[in-house]
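Topology and contacts: notes
Chain residues, written in single-letter form:
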Amino acid sequence: MAGPGAAEQRWLQAAREFARRALPDGEGPRGTEPPLLDLVLRRLRGAGGGDLPLGYSFISISDLLHQQRVPCCSHLTWSTNEFKDWAQQGQGALPMQNALPRSYLILVAYLTDGRQENEEKLANGCLYVKDNTGIIPCELLHLELEWLGSLFLFPSWSYIPQTDESAAGYVEILVDPVPVNLPKKVPDTIPVTYPASAKPLLTSRIPCKRRSKLTVAGELVRRGPLLCIRHKSFFFLFLKCFISAVWVPVLVQKPNQLTWHHSLQLGQRYTITGLSMSSLKKSGQKIFVTGVSSCLLPYCAEQVGEQQLGNSCQGESTQLSSLETAEKLSDSLELGVKEKRPGSTKESKIISYVGTVTKILNVQAGLFLLDDKVCLCLAYQQLLSSARGLRPGARVELIDIHLLQKPLVSFPFIVLGACLSSTVVLKSFSRLSTPYQASASSGNLYLQLLFRYNLDMPHYLWLVSLLETFEERFSCFFGCRRLLLSSKQNPRAAEKFLVPLLQAAVPDRKEARDIYDEILGEAHQCPLQKYLTMTPPCQAPFLSAVCCVAEQKSWECFSPSQLLSPVEAQHMGTQELNRRLAWSYCTLSAGSFQPRLILLGVLRTSSRSSSLQLQDKSSILPCVISHKNGSPFAHTALIGSLLQVENYQLVVERFFQTDFPSWEHLENLDHVREKKYSVYVQFYFEDVQVLHAPEEQIQKSLRSGNGSSLRRKHGSSLTSKLETPEAKMLKLEDPKPNTHGAENCQGGQSSTGRTSCVSRIFLVTQKEGLMLRNYQLPRKEDGEGPELQRSFQATVLWLGKPQLWSHPREIGNLPELKETDCDEEDMTQQYALLLFMGKSLRWFPFLHRDGLYRFIVPCCSDLEVFHKLCLPPVPEKFLSRSFCPLCLPVQDTWHLQHEMWISCLPERQLAARSVLTGMEQRISSIPEVLSNGFTGSLVSFSGEIVERTLCASPKNEKPSVTAGLQKQKGILLASDHSVKLSVSVAPGSPAVVDIYIASTYLQHLWGLLPGAKVLFQNLERKISRFHNVYCTYIASSCVSIIALPTSYLPLSSSSAGETSPPSLVFLSHLQSHLQHLSQARILCHVSYVLTLSLQWVCSLCSSIFKEGRCTRDSPPCPSNIGVRQASARVLVEDGTGEALVLCRNQHVAAILGLSLLDWEALQNCVQSRGSVSIQHEEATGVGCVEEPEDFIACYLRSLCRSPLICRLILLDFSLDRKPSKILQPAPLQLRNFRCGEVEFVSQVGPRLSLLCLNVEEVEQDALSYLNSKRIKRTSSYC
Ligand SMILES: [Zn+2]
Ligand SMILES: [Zn+2]
């Protein structure tokens, strides 16, 4: 057990150890004084009432820096209660924050301005504490200049480390330090000049005498902020005459004087010696400037004698707010928010304010929240002190600060903006354990852009919001430095993003700020004086927010009655009605958002969804990228790049479950039961701006990309696991030179093996779609049986031999192709079937037919790598059949690089190109596909989607294949649905082919929207019972979007807008053009109505609906909604032939020539009867039972027989292909026709069967025009 004496001995031992390490050589400065440690101990005894503070230990600066990780404070003389009181008071403003924890440390160090250190940059006006072990910045509220360079005991201080642990913290000096050495002597009496006498020197036109040095005394009325311009630091101070309001400006610019900034106290009297006069270059304004020998001294009346300059005190006075009003004005803030009329320029009030920092809003941008209600902006003052001391809990006084109410619509706080003539004084340090974030004064993009574009407060706050979001979204991908720090030569991503926006927002940017005028001008002038409440012109929010807003907008613009034409909808049964509403979409552009929305995202490719994606920290957004020239997107080099797109279509696909009973309920959105959305974006590559390309990233991923096991051929067995790293290295860096060829020998060394890679070029000759295939991945957990793997495959042609590179960076520009000219002997060996599974599925969006690509195998020097991994697709004995290509499973670690399109190969490499000719897959035209003579079951063609409809899947589709896929998420359509795309060569073109796609395939198919031009590959061509040609999407099919829809189409299921009417034809010509024609128009004469039927059917079961209920009995139908339907068969002739036209619903009214009102009345009469039908004598159909006594039937019959109906009409039709007779050539017949009074005989073919699409009455002048056109065409046929 050690006694108290022993404890003191130990403590003294530690003190000596500290002094040896931290204090200079233990001797007093002049040698005659006692050693420094004795002086320190004397001060400690003095502070502790004679006792040594044995409970405390010395800490050196170095230990403070490296060992103290959390904020702390030390109070040498305080009792526990004193400390508790102090801490409690500090928590008043922010009760949720903890007070600084107390530590028991003794800080003894020199106070310095850093000039003694040989690092020049330290002399920037900052203060430091230092000892032999290190130096650290400090902040104090009160500084006497003579303290600098002396050793002190600091009785009360806090240490605040930075949040970023790698950087240094700083010390807050809470109580004046106790000098260890004696302070310096007091100066002698000096002659001074008072501002009243000095002012005329500045205003007179007499050129200032260079040599004369002045001493000026006065009261400090203003202290400008410390500024640094072109690496030169300075500040202004303003001395006022004691007895009048006259003041003079003094420029303090010598490095040794910058610490004056800390010691100057407003309202105190000072004397400054060695001043000379100078004038500013630009304005010629004269000011006092300090010289090297200038001193700042406290004014002491006894020590000075006035130096008269012979001029009386004159000059105008400037109004300066006094400190006493500060508190009062801060009260006025409470009711200060008076909304002025928007759109008018407002003048900011200049006020003073005292408040507590409650939150650091953005330290880089210089934004702090005071008292939880006002935002303090220090950006206009440059923030040179790195915002030290401005932690939550600190109290600040703001003098002459601008008050701006609502500068930016989206900014929630009133803003207090400090300009260069505002004074910001730290009144007290925070007593809370709140962290400190340093603001970087160099490379601070906020401040750089603020000063470069001379932004006003609204624009600055907007910039801050953009940059803050930008940083938060993308710094996790690239790191802050890569995004933000930029030089003029190499602007970083953030700058590339912001500068064009700022240039557009402030086109009439005023010339650079004149900071001298701003500080010295008699009339105050600064960027904060006037402002206009700003509505941000654009935004770039998080992707998650983009999706949310898009979904919301898509819901808001969902209008079932607009999706379905009411004329059609009123005849639809419940099932059809709701099916037509089950899938719709809406597209949004940048301008659909308020403010305009700019899309930013990192381009990624996902192996899970096999799609391209834009990504930020919050979310991902699938995307479809097309080229304006129609070529597919294959820029593998863009993966990982940060893209900006302003011209895009954001597509929201809506998958709604609805139960609208009938069209009359369409306005009531309560019938929407379930809402699901899928949001993606499509844009052109040409509209993309690359903000940041990860040059090194590809190489990095290549070098580190050996994270998974390999498969290789092992005789004929399929796989062998190579799980251990050793095995992997062995495989990848096979040292045996097993291939001949000079280039290979260097690959043997393991030193180059780490970075070396093997590449091989190939051409894609065919690519198939994604589907489940019967391949097995090697690393599946046991127990489960063989599972189908999602995969896709591509047939490729190898070009040239594999190449070895010592580093991926050195991969050249297609050298392989130069030597391929004579390698034709073994073409079949050169083909391969690439199999993509698992992670390699990510290449799906990039791989396209006719593209030249390169595989890069990282960390590999084995030129046989491609060969070794090949699997024979069939047992080896069949391999002699030369056309069977080897199957190569693409490894996860391989990198794919798109080189070019085969069509772009330069002349000198034509040899390679000629090898490839003749193997191109044929792309047909739509008329070819539709023609009878077409052979082949797989077709490829391109066309524009004119219509997209959801329909019930054909019954014969097998659901078994799709059942497994259904489980995967992302399929939002019911599995029994399929999508019908009507595709034509161009809008309005008559040749239309229908493509059916089962809903299960749709999850990978983005961009299938009306108006889009699409290349379909390997669709299955089919012929229907009715001899119609259609196509279905099968597993080997593939689509790529060639062109995006040109404009926004509000109707998803409408036929593609109001295009030009179909071409006018003769019935006789239809026979020969049947295959190509889907729609046409004839000018014809209605001969008579063969059958006519009007009925009400049940909306649920389609039984006859009579007197308000369904007539179905077994089982009884609960429906109480009936749908009216009408149909008619009408015979028409146009002089060249006859046709039977089927009219439905509203077209029946049109062909009968009934007005809408009459038609309504007629249909209502049918309601009580259920159905009414009539038939012409000639018709021999069954099932039409006439009721002769019914007056509606009588009316209809007489209407049909009336000559009013037998008139000329313009009829738009499509071929109703039900009876296939038309395909067989039939003998021509002679028939009589009437045209007005004239009767003539014509040869006609068999009657065609047409479906009415539209009926137009023919006006007299239109008739003559049409007739002349007919005559012209007829003569051209002769
Ligand atoms: Zn101002
Ligand atoms: Zn029914």
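The text that follows walks through the structure, step by step, so that each part is easy to find. (Residues numbered from 1 in each chain as written. Chains lettered and ligands numbered in written order. Predicted model: local features only at pLDDT ≥ 70, side-chain atom pairs only at ≥ 80, totals over all residues. Heavy atoms only, no water.)

What to know about the overall build of the protein chain
Selection criterion: What counts as a helix is a DSSP run of H or I of at least four residues, what counts as a strand is a run of E of at least two, and both are numbered from the N terminus. Summary of the burial criterion: residues with accessible area below 20% of their type's maximum are buried, those above 50% are exposed, and those between are partly exposed, where the area comes from a 1.4 Å probe applied to protein chains only. Every accessible area reported is derived by Shrake-Rupley at a probe size of 1.4 Å, with residue values counting cover from the shown protein chains alone.
Scanning the protein chain from N- to C-terminus turns up 29 helices and 59 strands. Per-residue burial over the protein chain gives 52% buried out of 1278 residues. With an accessible surface of roughly 59800 Å², the protein chain has 52% of that area assigned to carbon and sulfur atoms.

Some words on the packing of aromatic side chains
Put simply, the rule reads: Any two of the Phe, Tyr and Trp rings considered here, Trp counted by its six-membered ring, make a pair once their centres fall within 6.5 Å; the pair's planes then place it as stacked at under 30 degrees, edge-to-face at over 60, or tilted in between.
Throughout the structure, instances matching the rule amount to 39 aromatic pairs. Pairing Phe18 with Phe58 gives two aromatic rings, centres 4.8 Å apart and planes at 15°, and the pair type is stacked. Taken together, the positions of Phe18 in helix α1 (residues 4-22) and Phe58 in strand β1 (residues 57-59) put the pair 40 residues apart, joining distant regions of the chain. Where Phe474 meets Phe477, the ring centres are 6.3 Å apart and the plane angle is 40°; that geometry is what we call tilted. Residue Phe474 and its partner Phe477 are located together in helix α9 (residues 457-478), separated by three residues, close to a single helical turn.

With respect to the coordination of the zinc ion (ligand 2)
Six octahedral donors around a metal ideally subtend angles of 90 or 180 degrees, whereas four tetrahedral donors ideally subtend 109.5 degrees. So the rule is basically this: Because no water is among the atoms considered, metal sites can look incomplete, with donors defined as N, O and S atoms within 2.8 Å of the metal, or 3.2 Å for Na, K and Ca. In this scheme the shape depends on donor count and angles: four donors with every angle between 85 and 135 degrees give tetrahedral, four or six donors with opposite pairs above 155 degrees and others between 65 and 115 give square planar or octahedral in turn, and any other case is irregular.
Around the zinc ion (ligand 2), the donor atoms from the protein are Cys1098 (SG), Cys1101 (SG), Cys1110 (SG) and Cys1117 (SG), and they sit 2.2 to 2.4 Å away. Each of the four donor atoms bound to the zinc ion (ligand 2) contributes to angles spanning 97 to 120°, and the resulting shape is tetrahedral. Between the donor residues of the zinc ion (ligand 2), the gaps in sequence give the motif C-x2-C-x8-C-x6-C. The exposure class of Cys1110 is buried, given its relative accessible area of 2%. Cys1117 gets classed as buried once you look at its relative accessible area, which sits at 12%.

Some words on the coordination of the zinc ion (ligand 1)
Donor atoms from the polypeptide that bind the zinc ion (ligand 1) are His402 (NE2), Cys419 (SG), His524 (NE2) and Cys526 (SG), placed at 1.9 to 2.2 Å. Taken in chain order, the donor set of the zinc ion (ligand 1) reads H-x16-C-x104-H-x1-C. Residue His402 is located in strand β23 (residues 395-404), and its partner Cys526 is located in the loop between α12 (515-520) and β26 (530-531); the two are separated by 124 residues in the primary sequence.

A word on unusual backbone geometry
The omega torsion across Gln594 and Pro595 is -5°, close enough to zero to call that bond cis. At Asn454, a residue that is not glycine, the phi angle is positive and equals roughly 45°. Secondary-structure assignment places Asn454 in the loop between α8 (445-452) and α9. Overall, Asn454 belongs to the buried group, its relative accessible area being 10%. With a phi angle near 55°, Asn1018 is a residue other than glycine that sits in the positive phi range. Tracing the sequence through the fold places Asn1018 in strand β47 (residues 1013-1023).

As for the pattern of salt bridges
Worth spelling out the cut-off: Salt bridges are defined as contacts in which a side-chain nitrogen from Lys or Arg sits within 4 Å of a carboxyl oxygen from Asp or Glu.
Considering all chains together, one arrives at 21 salt bridges under this definition. In this structure, the salt-bridge partner of Glu1160 is Arg1124, at a minimum N-O distance of 3.3 Å. Residue Glu1160 is found in helix α27 (residues 1156-1167), and its partner Arg1124 is found in strand β53 (residues 1122-1133); the two are separated by 36 residues along the sequence. Overall, the relative accessible area of 30% leaves Glu1160 in the partly exposed class. Here the salt bridges share partners, and the residues they tie into one network are Glu568, Glu576 and Arg580.

Some details on the sheet that holds strand β30 (residues 599-605)
For clarity, the cut-off: When DSSP locates at least two bridges between a pair of strands, those strands are taken to pair. A fitted line through C-alpha atoms serves as each axis, taken over the contacting stretch for helices, and the angle formed by two N-to-C directions is quoted from 0 to 180°. Should any heavy atoms of two residues lie within 4.5 Å, those residues are considered in contact.
Ordered by their spatial adjacency, eight strands build an open sheet running β28-β34-β35-β32-β31-β30-β33-β36, and the pairing between neighbours is mixed. Lying at the two open borders of the sheet, with one neighbouring strand each, are β28 (583-588) and β36 (688-692). If you compare each strand with its neighbour and ignore which way they point, the axes differ by 40° on average. Set on the sheet, helix α11 (residues 493-505) makes contact with β30, β33 (642-645) and β36; between it and β36 the angle comes to about 135°. Strands β28 and β34 (649-658) of the sheet are contacted by helix α16 (residues 574-582), whose axis makes an angle of about 155° with β34.

Things to note about the pairing of strand β48 (residues 1029-1032)
Examined bridge by bridge, strand β46 (residues 992-998) and β48 share three bridges and lie parallel to one another. Bridge pairing links Asp994 to Tyr1030 in β48. Pairing geometry for β47 and β48, over four bridges, is antiparallel. In the strand pairing of β48, Arg1021 is matched with Cys1031. Taken together, β47 and the strand that follows it, β48, pair antiparallel across an intervening segment of five residues, in which His1027 is found at a positive phi of about 65°.

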